[in-house]
Amino acid sequence: INNQCKKKIMVTIVDETNNRLIDGSSYTQVDGEDMKGTFFSEGNMEISGNGMLEIRGKYKHALCVDGSLLMSSGDINIKEAASDGIHTNDEVAITGGNLTIRSVGDAIDCESDTEPVGITGGNISIITTGEKGHAIKAGQNINIDPGWTIDITFYGNASKGIKPKGDLTITRGNIPINTAGSAIWESDENDTSSAAGIKCDGNMVVENGTITILSTG
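Residues numbered from 1 in each chain as written. Predicted model: local features only at pLDDT ≥ 70, side-chain atom pairs only at ≥ 80, totals over all residues. Heavy atoms only, no water.

## Points about the pairing of strand β18 (residues 150-154)
Heads up, the rule is: Burial here depends on accessible area, computed with a 1.4 Å probe over protein chains only, as a share of the maximum for the residue type. Under 20% is buried, over 50% is exposed, and the range in between is partly exposed. Per the convention used, a helix needs a DSSP run of H or I reaching at least four residues, while a strand needs a run of E reaching at least two, with both numbered from the N terminus. Strand pairing requires that DSSP identify at least two bridges connecting the strands.
Within β18, 4 of the 5 residues are buried, leaving the element largely enclosed by the surrounding structure. Two elements, strand β15 (residues 123-128) and β18, share 5 bridges in a ladder whose sense is parallel. The residue of β18 that forms the bridge with Ile127 is Thr153. With 3 bridges connecting them, β18 and strand β21 (residues 174-179) associate as parallel partners.

## Side note on the sheet that holds strand β17 (residues 142-144)
What counts is decided by this rule: Fitted lines through C-alpha atoms give the axes, limited to the stretch in contact for helices. The angle between two N-to-C directions lies from 0 to 180 degrees.
Spatially, 8 strands are ordered β2-β5-β8-β11-β14-β17-β20-β25 in an open sheet, and the strand pairing comes out parallel. With one partner strand each, in any of the chains shown, β2 (9-13) and β25 (204-206) form the two edges of the open sheet. Taking each pair of neighbouring strands and ignoring which way they run, the sheet shows an average axis angle of 5°. Strand direction decides the pairing type here: β2 and strand β5 (residues 45-49), joined by 5 bridges, are parallel. For Ile13, the partnering residue across the bridge sits in β5 and is Gly49.

## Describing the pattern of salt bridges
Put simply, the test is: Each salt bridge in this description consists of a side-chain nitrogen of Lys or Arg and a carboxyl oxygen of Asp or Glu lying within 4 Å of one another.
The tally for this structure, following the rule as stated, stands at 11 salt bridges. Two residues, Glu80 and Arg56, come together in a salt bridge whose shortest N-O distance is 3.1 Å. Of the two residues, Glu80 sits in strand β9 (residues 75-81) while Arg56 sits in strand β6 (residues 52-57), which places them 24 residues apart along the sequence. A residue is classified by how much of its surface remains accessible, and Glu80, at 24% relative accessible area, is partly exposed. Note on Arg56: relative accessible area 22%, which makes it partly exposed. The salt bridge partner of Lys58 is Glu80, with a shortest N-O separation of 2.9 Å.

## Quick notes on the side chain of Asp109
For clarity, the threshold we go by: Charge convention: Lys and Arg are scored as positive, Asp and Glu as negative, and His as well as the terminal groups of each chain are ignored. Residue contacts are defined here by distance: any two heavy atoms, one from each residue, within 4.5 Å place the two residues in contact.
If you trace the backbone, Asp109 turns up in strand β13 (residues 108-110). Of the buried charged residues, Asp109 lacks a salt bridge, with Lys137 as the closest side chain of opposite charge at 4.3 Å. Setting aside anything within four residues of it in sequence, one finds Asp109 in contact with Asp84, Ile86, His87, Thr88 and Lys137.

## A look at the sheet that holds β9
With parallel pairing, 8 strands are arranged side by side in an open sheet as β3-β6-β9-β12-β15-β18-β21-β26. Either end of the sheet is taken by a strand with one partner, and the two such strands are β3 (18-22) and β26 (210-215). Taking each pair of neighbouring strands and ignoring which way they run, the sheet shows an average axis angle of 5°.

## A few points about unusual backbone geometry
Leave glycine aside and you will find that most residues have negative phi; peptide bonds, for their part, are mostly trans. For Lys132, which is not a glycine, the phi torsion comes out positive at approximately 55°. Among the structural elements, Lys132 can be located in the loop between β15 and β16 (136-138). We note that Asn190 has phi near 55°; this positive angle belongs to a residue other than glycine.

## Brief notes about the pairing of strand β4 (residues 37-41)
The buried fraction of β4 amounts to 5 of the 5 residues, a majority that puts the element mostly inside the structure. Where strand β1 (residues 2-3) meets β4, 2 bridges bridge the pair, whose relative direction is parallel. Note on β4: the bridge partner recorded for Asn3 is Ser41. The sheet contact formed by β4 and strand β7 (residues 61-65) spans 4 bridges and is parallel. The residue of β7 that forms the bridge with Phe40 is Cys64.

This is the structure in structure tokens:
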């Protein structure tokens with residue numbers, strides 16, 4: 001699905017339905033159109049409903065939004081992504097539903113340097129496999145207050161579980177993080193980049209909840 005309209009779109013996953021979106025490993029390029037993933041929208045996207053949506057991204061991202069993404073309910077299973085599972089240029093807000101992501105690149109990547117990633121509900125399970133395949137990455141702040149579980153596992157070298165360039169605030173929730181990646185040498189920066197459960201470039205505040213980090217790399 002390639003939505004070239006810059007206006008907001010509403011996606012309803014109809015109750016008691018099972019839906020699948022699968023792309024190919026290559027795209028036929030069209031002049032003037034962005035082609036960034038299996039389900040792509042130029043404008044903001046809001047997802048609701050209580051059905052199930054399976055997405056497989058064989059070319060690049062699985063779900064890509066050039067605006068903001070709001071998920072309030074539904075069961076989304078991103079079974080594979082050649083790059084990012086979810087990629088946005090603006091805010092990511094997850095307030096409910098079930099979200100499962102397996103990706104080579106980042107599971108959730110918000111490129112905005114002004115808007116945050118906010119998780120205030122829902123259950124999230126993440127597996128990333130590629131080098132520098134971070135679980136939750138943001139160009140600004142990450143705010144976590146789900147009251148449920150965010151389960152993170154990554155295998156790639158130099159990958160991070162939670163990686164904001166801004167601040168990280170965790171108010172509550174259960175967050176187990178399992179890391180299996182090793183360190184790599186960054187020749188451009190003349191430094192070592194290691195795998196880590198959490199890397200926060202700003203301030204980190206944990207008010208409540210349970211965070212468990214197991215590193216085997």
